[in-house]
Amino acid sequence: MSLNYEEMSWSDVRDQFRKWREETGRHSEEVVQLWVAVLEDKVHKTGNERHLILEQVIIAALDTARFDIATQCTKQLALEFPGSLRVMKFKAMRYEALEQYDEADEVLDVIIAKDETNAAPRKRKIAILKARGRRLDAIKELNEYLKKFMSDQEAWHELCSMYLAEGEFGKAAFCMEEVLLHNPHSHLIHQRLAEIRYTMGGVENVETARTYYSQALKLNPHNLRALYGIYLCCNYLANSRAVSSKRKELQKLGQWALEQVSEHTTKQSTIKNNDKLILSLEAALGNLEIKSN
Amino acid sequence: MCDYKISERAYTKLIFHAAKYPHQAVNGLLLAEKTSKGTLVEIVDAIPLFHQCLHVTPMAEVALMQIDAYAEREGLVIGGYYTAPENFYDNQIDKTPAAKIADKIQENFKNACFAVVDNKLMTLQHDRAAVQVYSCVGESGARWSKAKFTLSQSTQTLEGVSLLLKRGAMRDLVDFDNHLDSPENDWTNDFLNKSLNDLQKLY
């Protein structure tokens, strides 16, 4: 998405920032560019949103290594809110971005000591462990964190990714199920669970995967991954020790799914003969199965 | 044991993919000429695959099959696998995501290579090729060890890629994940198949 900086007024930029904040999109490079080009001089006009904008710019500046901007904005916030723990967190994040992890840990420990219920600095400490490559420690700490803050979706999601990286698919599935409890109508979570189950392999898991994929498809009929997933699951189950009546049913379902994929894709795809590429799935499926063990 | 020659097209797409998602791990396939010239394998093209959740397999299976058919059509073969690790300092093969895909590729194509992007060399100014290439040694089981590779027209390629990175060209790269989100996205990245000189005129 390219934005025309010369044509955007400060209020347009402010609205764009607000949109990104609400959608929890980071867009760090664009935030920094827009800040420097437009909003920096006019930020005092934004009223109550000023502090939220400053926080957004600090994080974007740390992401893009613009430490000058980050320090300047943090100073502005510190002037208005002296001794604030929220501003102290940004100080710790700056150390983290500079890879001065020990100093960052010290600041975060001070914040945690002052306020035990503050979740953010605990998560930052886990992020530091991850950045240092100490994945197993990060998993341990995240588990401890989740015992206290059980309803933190973001944390469950992160723990799921960490377990996947370690190959612990069962535990990853459990974490994703926790996220699903908070978002029962999200087709993406159903689909992600299906993928984890499929990867685990075995008839039971693939059957579960098929149910999750079907639910994802029900929630969003355009979910291409769910359609492919249903095809893969049906194929796997049909080739395994299935009863012959079920086998026909599975083959029909798989065939339907593949046709849907072909239809959806070829309508919009710019790749030549994309339908032939999709049909190649039928031919090749016997030969390829990437096992997780 | 063989040597590899990476074309500017493959290197550009590889680096663009890693640069487009600096905060995530990415992976993709490398397409090579079917017949190797002696012990030299020519890597002609790169197909970017995924940038999220690399450890789950269903979409990888779908992608591999489609790309196999595509490669066949173009007179090429899937000759390698590349990946960029998530953590800045991870550059060893055993810490890379989804290495099983590389093993599978090697079963089908003996001289397959495994390219790992060296995160420390990923800057806006490339002085050296920011990859490490490994190839398979020994008959039984896939054991990867460092292999020699050259970048075709090394200085011009590195300069061209650096310039395009500074101009933000990597944002237009499409990987298989983008295609699955919206089928109109072209994972063959046909528009990037021009020479680097022509691309520089676009940005």
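Criteria and thresholds
- Residues numbered from 1 in each chain as written.
- Chains lettered and ligands numbered in written order.
- Predicted model: local features only at pLDDT ≥ 70, side-chain atom pairs only at ≥ 80, totals over all residues.
- Heavy atoms only, no water.
- Helix = DSSP H or I, 4+ residues; strand = E, 2+ residues; numbered from the N terminus.
- Rg over C-alpha atoms; globule rule 2.2 N^0.38 Å.
- Buried < 20%, exposed > 50% of the residue type's maximum accessible area, 1.4 Å probe, protein only.
- Contact = heavy atoms within 4.5 Å.
- Pairing = 2+ DSSP bridges.
- Axes fitted to C-alpha atoms, helices over the stretch in contact; angles between N-to-C directions.

Regarding the overall build of chain B
Reasoning step 1: Counting secondary structure elements, chain B contains 6 helices and 8 strands.
Reasoning step 2: N-terminal to C-terminal, the α/β element order of chain B is β-α-β-β-α-β-α-β-β-β-β-α-α-α.
Reasoning step 3: Taking 17 Å as the expected radius of gyration for a compact globule of 203 residues, we find that chain B reaches 15 Å, a close match to that expectation.
Reasoning step 4: Along the first, second and third principal axes, the C-alpha set of chain B runs to 45 × 35 × 35 Å.
Reasoning step 5: For chain B, buried positions account for 58% of its 203 residues.
Reasoning step 6: Long-range contacts, defined here as pairs at least 24 residues apart, represent 70% of the contacts in chain B between residues at least 6 apart.

Notes on the sheet that holds strand E5 (residues 113–117) of chain B
All names here are of chain B.
Reasoning step 1: Overall, mixed pairing links the 8 strands, which are arranged E7-E6-E5-E4-E2-E3-E1-E8 in an open sheet. Each end of this open sheet is capped by a strand with a single partner; those strands are strand E7 (143–146) and strand E8 (149–151). Mean inter-strand twist for the sheet, computed between neighbouring axes without regard to direction, equals 35°.
Reasoning step 2: Direction of pairing for strand E1 (residues 3–6) relative to E8: parallel, over a ladder of 3 bridges. Paired with Lys5 across the strands is Thr150, a residue of E8.
Reasoning step 3: On the sheet, helix H1 (residues 8–20) packs against E1, strand E2 (26–33), strand E3 (40–50), strand E4 (76–84), E5, strand E6 (131–137) and E8 and is oriented at approximately 30° with respect to E3.

Worth remembering: the numbers are spatial, not functional.
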